[in-house]
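Fold and geometry: a report
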Amino acid sequence: QNVDGISARINDSKMNKLLIALALAPAAALVAPSVPRAPATVVQANPGIGTGQGPSLEWGGSDTTTGGAKKLSEALEEADIERKKAVEEAERRAKWQEQEREEKLRKVAFMKEMPDDTPAGSVSDYMYKEGVKDQLDKLDYDLVGLLPVKQRVREIAALLVLDKMRRKLGFDTAVPSLHMCFTGAPGTGKTTVAVRMGQILAKMGYCRSGHVVVATRDDLVGQYVGHTAPKTKEVIKQALGGVLLVDEAYYLYNAANDRDYGQESIEILLTFMENNREDLVVVLAGYKDRMDKFFSFIPGMSSRIGNHIDFPNYEVDELFEISKVMSRDLDYEMTDEAGDVFKKYIERRMAMPFFSNARTVRNAMDRARMNAAIRVFDQAIAGANGGDVGADDLKAITADDFQVILDEALAAEDDAILA
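Residues numbered from 1 in each chain as written. Predicted model: local features only at pLDDT ≥ 70, side-chain atom pairs only at ≥ 80, totals over all residues. Heavy atoms only, no water.

1. Considering helix H14 (residues 358-381)
For H14, spanning 24 residues, the distance from its first C-alpha to its last is 34 Å, which sits close to the expected 34 Å at 1.5 Å a residue. Among all positions of H14, only Ala 358, Thr 360, Val 361, Ala 364, Met 365, Ala 368, Asn 371, Ala 372 and Val 376 are buried. In this fold, the buried residues of H14 make contact with helix H12 (316-329), strand E6 (333-334), helix H13 (336-350), helix H15 (391-395), strand E7 (396-397) and helix H16 (399-411). (Helix = DSSP H or I, 4+ residues; strand = E, 2+ residues; numbered from the N terminus. Expected span 1.5 Å × (residues − 1). Buried < 20%, exposed > 50% of the residue type's maximum accessible area, 1.4 Å probe, protein only. Contact = heavy atoms within 4.5 Å.)

2. Concerning the sheet that holds strand E2 (residues 212-215)
Each strand in a sheet pairs with its neighbour through backbone hydrogen bonds, running either in the same direction (parallel) or in the opposite one (antiparallel). The 5 strands are arranged E2-E3-E4-E1-E5 in an open sheet whose pairing can be described as parallel. The open sheet has two edge strands with one neighbour each: E2 and strand E5 (307-311). If you compare each strand with its neighbour and ignore which way they point, the axes differ by 20° on average. For strand E1 (residues 180-184) and strand E4 (residues 281-286), the ladder comprises 4 bridges, and the chain directions are parallel. Opposite Thr 183, over in E4, you have Gly 286 as the bridge partner. (Pairing = 2+ DSSP bridges. Axes fitted to C-alpha atoms, helices over the stretch in contact; angles between N-to-C directions.)

3. Observations concerning the nonpolar core
By size, the foremost hydrophobic cluster in this structure holds 55 residues, and its most contacted members are Leu 160, Phe 182, Val 193, Leu 201, Phe 342, Ile 346 and Phe 402. With 7 residues, the single largest contributor to this core is helix H5 (residues 147-168). Excluding residues within four positions of it along the chain, Phe 182 makes contact with Lys 190, Val 193, Ala 194, Val 283, Leu 284, Ala 285, Gly 286, Ile 309 and Phe 311. Counting 28 residues, the second largest nonpolar core, distinct from the first, contains Ala 249, Tyr 250, Ile 266 and Leu 269. (Core = buried A, V, L, I, M, F, W, Y, C linked by side-chain atoms within 4.5 Å.)

4. Notes on the packing of aromatic side chains
Overall, the coordinates contain 6 aromatic pairs when judged by the stated rule. Between Phe 294 and Phe 295, the ring centres sit 5.8 Å apart and the planes meet at 50°, which makes this aromatic pair tilted. Residues Phe 294 and Phe 295 agree in their burial class; the two are buried. Each residue in the set Phe 320, Phe 342 and Phe 402 is aromatic and connected to the rest through ring pairs, giving one cluster. (Phe/Tyr/Trp six-rings, centres within 6.5 Å; stacked < 30°, edge-to-face > 60°.)

5. Structural notes on the packing of H13 against H16
One way to put it is that H13 packs onto H16 with a least axis distance of 8 Å and a crossing angle of 20°. Classified by the angle between their axes, H13 and H16 sit roughly parallel to one another. At the point where H13 passes H16, the crossing takes the left-handed sense. Contact with H13, carried on its side by Glu 337, Ala 338, Val 341, Phe 342, Lys 344, Tyr 345 and Arg 348, involves Ala 399, Phe 402, Gln 403, Ile 405, Leu 406, Ala 409 and Leu 410 of H16 and no other residues of that element. A breakdown of the residues in the contact of H13 with H16 according to their chemical character gives 10 nonpolar, 1 polar and 3 charged. (Parallel < 35°, antiparallel > 145°, perpendicular 65-115°, else oblique. Left-handed = near helix turned anticlockwise from the far one by under 90°. Nonpolar A, V, L, I, M, F, W, Y, C, P; charged D, E, K, R; others polar.)

6. Some points on the packing of H13 against H14
It is the contact of H13 with H14, at a shortest axis distance of 11 Å, that shows an interaxial angle of 130°. Of the possible angle classes, the one that applies to H13 and H14 is oblique. Viewed along their axes, H13 and H14 form a crossing whose handedness is right-handed. Residue-level inspection shows Phe 342, Tyr 345, Ile 346 and Arg 349 of H13 in contact with H14, the latter providing Thr 360, Val 361 and Ala 364. When its residues are assigned to classes, the contact of H13 with H14 shows 5 nonpolar, 1 polar and 1 charged.

Here is the structure:
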């Protein structure tokens, strides 16, 4: 009993202490601490789609669905634009075909009602009104000699004039093959004739502008795979509406190298020559023997060239006339003695390598002008005529001015290279 009583008192003492502690503790300490719980996870095959709560609906969302929607929208817009273009092109084509059909019917009706003696007009009127006569006169004025070339140009002009007269009366016409090949040595006037032909074709309505684009292999052929096609097409694009003059065209083809890129450029040229005959005239130029060999390798090119014109070398007297034309255009006057010395210089240069006909004459005239300037300058500095220089002094080219370059040519070896 004593033991039980002692235990009871001890338990009562502990209970009293607990009650006192609870009474003294703050109220916050009596609340049990909360245990954080993990949020419920909802697994979806494609989160953010169909719930209206995905981050893709927020500005600056991190998913890729917005970019995909934009690309889809752009693709649809581009497709719509392409569809509209296709429809417009189809409408234009249908309209053009309808106009062609109506024009054909009008032509048939006109031909049935037209008397057989209906005049088409005079050739001289067409030559004058269309400006063809003016271009042919300029060709005679600018080019000395080259009678076969001028005759061939007149033949082409005659075809174009008569073809236009036929169209006036309603006869069926077809665009003739105007692609050309100019063969001859350098300086024989190939580029000048190409410019005149472009202007004649423009006057007659066979090309839009008549401008001339001169190109070589470097302008047409690339250096690596995929480079040639864009280069060739860009040059052709520049020449559309006019004349494309390919100088030394035989360098486009290298028979010794099957992997040469020039073949690709030739194929593109052939395609445009066939499909764009009404908007592009191609002129191939170079030495005759090399051009003949080039055509033997590329028969498709030869068959598309309708006009072959050979430019002969100039004679000494013709080159002298060319020098006089150059002097006239630059307001210079050559004395008779200067002409004699000039002819001797030309004869010497014709026996040396790299003689280039009119180009050699131009170089000689430039040297003579320089020598004349030095002569007049030195005389004025020396006090001749009181240091005054007159108009005649500024215009004169004398024998001494040509004698300087003649002495240089005579002193040089036969195989020497001169300008």
